[in-house]
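This is what each chain is made of:
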Amino acid sequence: MPRAGLTPDRITTAAADLADEVGFENVSLSALARHFGVKDASLYSHVKNLQDLRTRVALLAGGEMIDRIAVAVAGHAGKDALAAFAGAYRAYALQYPGRYAATQIRLYQSLVADSPALRRTAEITYGMLRAYGLEEPDLTDAVRLLRATFHGYCALESTGGFGHSRALQASWDKAIDALHITLEHWPREEHTEDD
C-alpha cells in the first residue's frame, strides 16, 4: 500500500529540490527515501525507477523554465523578445542549477510529443524565431545555435569558467546583440529544383 502523503508530484518536486542542493547527477531514490523517512521500496509505488524520476524532474523543470520565458517574452518581438527569452533562460539556469541540468537530458521522443510543457517550449521558441523570417530547416539550425550559446554561457558562468575581469553581464549583452545580428542576416538554406 502506498505511504500516505507520498504522490508522484510530491516526490518529483522533492527530487528537483534535492537536485538544486546536491546536483542532478547525485539524486537517488535512496536519498529521497531518507528525505521522506521511508524505505526505498515505498517510492516504487509512485515512480518506476531512477530514470522515470529523472524524466519527471526534467519535465517539471522544463515546464517551470518555459513558464518564466513565456512571461518574459510576452508583448515583445525581435531583439527585445530574444533578450527577454535569453535573460529568463539564464536566470533560471543560475537560480536552479539542478533543475536546469535535468532539462538537458535526452528524453524519448514519445515523451516530448506527449508533454504540454515541451510542446509549449517549441511553440514559444520557434514563434520568436519566425519573427526573424526563418523557416525550416533554418529554424532548427537557429534553435540549436541559441541553445548551444545559452547553455554554454550558463555552464561556464555557473562553474566560474570566465576568469577575465570584464563584467559577465556586459559579455552576455554583447552575445545577445551578436545573436540578433546573426538572426537578422541568417544564411538562408538554398533550395534547388531537385529538392
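It should be emphasised that the depicted structure is a prediction, and the values quoted were computed from it without experimental measurement.

Undergrad: Describe helix H4 (residues 50–73), and please don't skip the residues or the numbers.
TA: Along its 24 residues, H4 runs 34 Å from first to last C-alpha, staying within 8% of the 34 Å computed at 1.5 Å per residue. For H4, the capping residue at the N-terminal end is Asn 49, with a side-chain oxygen 3.1 Å from the backbone nitrogen of Gln 51. Backbone geometry just after H4 places Gly 75 at a positive phi near 80°.

Undergrad: Pulling in residues and values, what's your account of the side chain of His 180?
TA: The residue His 180 is located in helix H10 (residues 168–184) in this model. Not counting chain neighbours up to four residues away, the residues in contact with His 180 comprise Lys 79, Leu 82 and Tyr 132.

Undergrad: Describe the pattern of salt bridges, with residues and values.
TA: Tallying each qualifying case throughout the model produces 7 salt bridges. The salt bridge partner of Arg 99 is Asp 17, with a shortest N-O separation of 3.1 Å. In this pair, Arg 99 is assigned in helix H6 (residues 97–102) and Asp 17 in helix H1 (residues 8–22), connecting sequence segments 82 residues apart. Since its relative accessible area comes to 6%, Arg 99 is described here as buried. The class for Asp 17 is partly exposed, based on a relative accessible area of 37%.

Undergrad: Lay out the layout of surface pockets with the relevant residues and their values.
TA: The space that makes up the largest pocket amounts to roughly 1,000 Å³. Taken together, 26 residues form the lining of the largest pocket, with Thr 103, Leu 118, Thr 121, Val 143 and Arg 147 sitting closest to its centre. Contributing elements (two or more residues each) for the lining of the largest pocket: H4, helix H5 (78–95), helix H7 (109–114), helix H8 (116–130) and helix H9 (138–158).

Cut-offs used in this document
- Residues numbered from 1 in each chain as written.
- Predicted model: local features only at pLDDT ≥ 70, side-chain atom pairs only at ≥ 80, totals over all residues.
- Heavy atoms only, no water.
- Helix = DSSP H or I, 4+ residues; strand = E, 2+ residues; numbered from the N terminus.
- Expected span 1.5 Å × (residues − 1).
- Polar contact = N/O pair within 3.5 Å; in protein donor to acceptor, adjacent residues only side chain to side chain.
- Contact = heavy atoms within 4.5 Å.
- Salt bridge = Lys/Arg side-chain N within 4 Å of Asp/Glu carboxyl O.
- Buried < 20%, exposed > 50% of the residue type's maximum accessible area, 1.4 Å probe, protein only.
- 1 Å grid on protein atoms, 1.4 Å probe; cavity = no way out; pocket = protein on both sides within 12 Å on 5 of 7 lines; lining within 4 Å.
- Points joined across faces, edges and corners; volume = space filled by probe spheres on them.

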